[in-house]
Amino acid sequence: MARYILINSFRGLLTIIFVSVVVFSLARLTGDPMDVLAPTDMSDEDQDALRALWGLDKPLLEQYVIFVQSAAEGDFGPSYLYRSETAAEVILDRLPASLYLGFVATILTIVVGVPLGILSAVKRGTIYDAIGRGFALFGQSVPEFWLGIVLIWVVAVQVGPIPTSGMGTWQSYILPSIVISIFGIAALLRLFRSAMLETLGTEYIKLARLKGLSEWRVVCKHALKPAAIAPLTFFGQLSVRMITGATVVEIVFSWPGVGLLAYEAANARDFPIVQALALFVAACVVVMNLMIDIAYAYIDPRVRLGEGTAS
Amino acid sequence: MSVPEITEGTGDAHISPRPNFWRNRFGRRRRLDRVPWIPIAIIFFLLLLPAIFADLIAVHDPLRGVLSDRLTPPVWEEGGSWTYPLGTDKLGRDILTRLIYGARISLAVSTITILVGLVIGSILGLAAGYFGGWIDWIVSWLVDTFFSLPGVLLALVIVAAIGPSFLTIVIILSVTIWAPFARQVRGETLSVREMDFIARAQVAGSSPMRILIRHVLPNVANTLIVMATLQVGVVIINESSLSFIGAGIPRPNPSWGVMVADGRDLMLVAWWISFFPGLAILLVVLSFNLTGDWLRDFLDPKMRQRQ
């Protein structure tokens, strides 16, 4: 088990290093951040001074070393866009907005997706199943940015003024969290439906029924537990998405989270923030995958003893 | 996977089961009932037909509008006219014409991207699954790594670097789309490799290349067809999302995502600018997903989701 965790951790570390190199090189390709950031009337000496301050005058390899050092120290260097703050501070400023929204959206996803999936499986072939599957199909096919715009429009025309942009009262969470969770609900619904159908067809469920247990107990106690393991991987992906912010949705709703920050930073060529964000996202994914792999290995000995990882 | 059929008396020691699109693994003709005709029709009339014959169908210029006709509503609304059936945008360009040319962009981007992803993903997946060892380790690691890349952020950075263009978006989408193909093909190759006919082919002296192409590839082909169909939806959504945030197809080209972005601030005044392109994306992606689900049931009954 220890060996398994060690190997997977090493793989994760390699991934993070790879992502850091890719993002670093890409960011350097984007051209001189001075073109975007420096005021047009800035003198050449001042520009050079600013370049020296940010280390842009040094050779690429040295810049990368400095970047790794600043990452190790945890501040990721000074932000170009927000002069007085480090990249880490800027991201930490914006993270809560994404986390709050992600939390609400996750709750919504689970509260709607799981019961609908179970209902769809238990009432297979009925109108409930048809509605559930229709919803799953819609959620997987609708472009989020368009759904957001249409919802804003419908609400503004039909319901009247509720906040449709920015972060404010609890009402401002309604639309963005619906849009973010719609894909998750669809995926969770599908996963739970097929997992439930599989367990409901097994012998021990038949035995539970023969014992005379109520349908409610059969479904909730005996079928749900094994069925809940299959969508485990998905919970990992879901939580990563919720932590790292949904860029497109945050742009549509002007939500001041890390997703919107990524958009602003990339457009402003704020290298430190772009690099820090990319590393942050990659690290979240790697850690989450590692936890899922360990969880699977814990649940299912075949994974850690046999070959490959669970997929 | 399918059971090798051994034909007696041919003397051919390594006959692999030859999956046939029209026959199932027991050699019976597959039934053509439950074909999703409506989704297929939507794909045909909303994507293929307009994309191929855009120049013949469209009446107006997709890039230049008549400013005096700007913000004309659709024909059934008050003030609409048959000249512009779905209305015009703020520059007086016909929405329907732009939708038709937009189909061309969606079709081109998704076709090229899927092909690139399919080829790269199959090669890496076949190699990883068949040879195992360090090749497998590297490919699996690459797949995991590409799944953890922050896609939107990288797209924004790349576009900032070399500017938005058709080629840029195709490269960005291709770079990420191969990973799911590779993962799936690797998994299937692992199980096909254990089949008897592969061992026989090895004994008969076939080279790994020949085994992979003649014996393994045909057995994963059905999966590839299903995956490619389902991934079209993913590519179209990703392309339009990137175009929407300005990191995809550059203006004034009529990508459906760009069109939604164009009408975003005018939703209360002219809802039709954003509404129709988004609806087109929804319908086309929905149709590809339905067709893909059906293909999966059709080609591999074992994978059928219980109905």
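Residues numbered from 1 in each chain as written. Chains lettered and ligands numbered in written order. Predicted model: local features only at pLDDT ≥ 70, side-chain atom pairs only at ≥ 80, totals over all residues.

### Notes on the overall build of chain A
Looking only at helices and strands, chain A has 15 helices and 0 strands in total. Of all 311 residues assigned to chain A, the portion counted as buried reaches 40%. Taking contacts inside chain A between residues at least 6 apart in sequence as the whole, the part at least 24 apart equals 72%. (Helix = DSSP H or I, 4+ residues; strand = E, 2+ residues; numbered from the N terminus. Buried ≥ 20, exposed ≤ 12 C-beta atoms within 10 Å, placed from the backbone. Contact = placed C-beta atoms within 7 Å.)

### A look at the overall build of chain B
Assigned secondary structure in chain B consists of 9 helices and 0 strands. For chain B, the N- to C-terminal ordering of α and β elements is α-α-α-α-α-α-α-α-α. Here chain B holds 307 residues, and the buried ones make up 47% of them. Across chain B, the fraction of contacts at a sequence separation of at least 24, relative to all contacts at a separation of at least 6, is 69%.

### Some points on the nonpolar core
Residues Ile91, Ala262, Val274 and Leu277 of chain A together with Leu153, Leu156 and Val157 of chain B are the most contacted members of the largest nonpolar core, which totals 156 residues. Of all the elements, helix α8 (residues 174-200) of chain A adds the most residues to this core, at 15 residues. Residues within four places of Leu156 of chain B in sequence aside, it is in contact with Ala262, Tyr263 and Ala266 of chain A together with Ala247 of chain B. (Core = buried A, V, L, I, M, F, W, Y, C linked by C-beta atoms within 7 Å.)

### So, the interface of chain B and chain A
Taken together, the contact pairs 38 residues of chain B with 42 residues of chain A. Counting residues per element, the ones that place at least two in the side of chain B that touches chain A are α3 (133-147), α4 (151-162), α5 (166-193), α7 (208-244) and α9 (272-299) of chain B. Among the elements that take part in the side of chain B that touches chain A, α9 of chain B stands out by supplying 9 residues, more than any other. Classifying every residue of the side of chain B that touches chain A gives 24 nonpolar, 10 polar and 4 charged. (Nonpolar A, V, L, I, M, F, W, Y, C, P; charged D, E, K, R; others polar.)

### Here's the deal with the packing of helix α2 (residues 95-131) of chain B against α3 of chain B
Residues and elements named next belong to chain B. Relative orientation of the contacting elements α2 and α3 amounts to 140°, with a least axis distance of 7 Å. Relative to α3, the element α2 is oriented oblique. Crossing angle aside, the handedness with which α2 passes α3 is left-handed. Listed contacts from α3 to Leu124, Ala127, Ala128 and Phe131 of α2 are Gly133, Ile135, Asp136, Val139 and Ser140. Here the residues of the contact of α2 with α3 sort into 6 nonpolar, 2 polar and 1 charged. (Axes fitted to C-alpha atoms, helices over the stretch in contact; angles between N-to-C directions. Parallel < 35°, antiparallel > 145°, perpendicular 65-115°, else oblique. Left-handed = near helix turned anticlockwise from the far one by under 90°.)

### Some thoughts on the packing of α2 of chain B against α5 of chain B
Residues and elements named next belong to chain B. Contact geometry of α2 with α5 gives a least axis separation of 5 Å together with a crossing angle of 35°. The handedness of the crossing between α2 and α5 comes out as right-handed. Looking at side-chain class alone, the contact of α2 with α5 contains 19 nonpolar, 9 polar and 2 charged residues.

### Describing the confidence of the model for chain B
Residues and elements named next belong to chain B. On average, residues of chain B score 84 in pLDDT, and 87% of them are at 70 or above. Model confidence for chain B, summarised as mean pLDDT per element, is weakest for α4 at 82 and strongest for α2 at 94. In the model, residues 1-16 has pLDDT below 50 throughout and makes 30 contacts with residues more than four positions away in sequence or in other chains. Our summary of model confidence lists the complex with pTM equal to 0.86 and ipTM equal to 0.85. (pLDDT = per-residue confidence, 0-100.)

### Regarding helix α6 (residues 196-203) of chain B
Residues and elements named next belong to chain B. Every buried residue of α6 is listed here: Phe197, Ile198 and Ala201. Projection of α6 onto a plane perpendicular to its axis shows the buried side chains occupying an angular sector of 105°, all on one side. Across α6 from its buried face, at more than 90 degrees, point the exposed residues Asp196, Ala199 and Val203. In this structure, the buried residues of α6 make contact with α5 and α7. Remark: Gly205 follows α6 within two positions and exhibits a positive phi of approximately 90°. (Arc of directions from axis to C-beta.)

### Description of the confidence of the model for chain A
Residues and elements named next belong to chain A. Scored by pLDDT, chain A has a mean of 82; 90% of the residues are at 70 or more. Within chain A, the element-level pLDDT minimum falls on helix α15 (residues 301-305), averaging 63, and the maximum on helix α6 (residues 127-141), averaging 91. Below a pLDDT of 50 lies the segment residues 307-311, which in the model reaches 7 contacts outside its immediate sequence neighbourhood of four places, other chains included.

### Here's the deal with the environment of Thr189 of chain B
All names here are of chain B. With respect to the secondary-structure elements, Thr189 resides in helix α5. Through-space distance from the C-alpha of Thr189 to that of Asn219 is 8.5 Å; in sequence the pair is 30 residues apart. Not counting residues up to four positions away in its chain, the partners in contact with Thr189 are Gly125, Leu126, Gly129, Tyr130, Val216 and Val220.

### A look at unusual backbone geometry
Cis geometry is adopted by the peptide bond preceding Pro252 of chain B, which originates at Arg251 of chain B and carries an omega value of 0°. Assignment of secondary structure puts Pro252 of chain B in the loop between α7 and α8 (256-263). Of note in the backbone geometry, Arg269 of chain A takes a positive phi value of approximately 55° without being a glycine. One non-glycine residue, Leu71 of chain B, lies in the positive phi region at around 55°. Examined against the element boundaries, Leu71 of chain B turns out to sit in the loop between α1 (37-57) and α2. On the neighbour-count criterion, Leu71 of chain B (17 C-beta atoms within 10 Å) is partly exposed.

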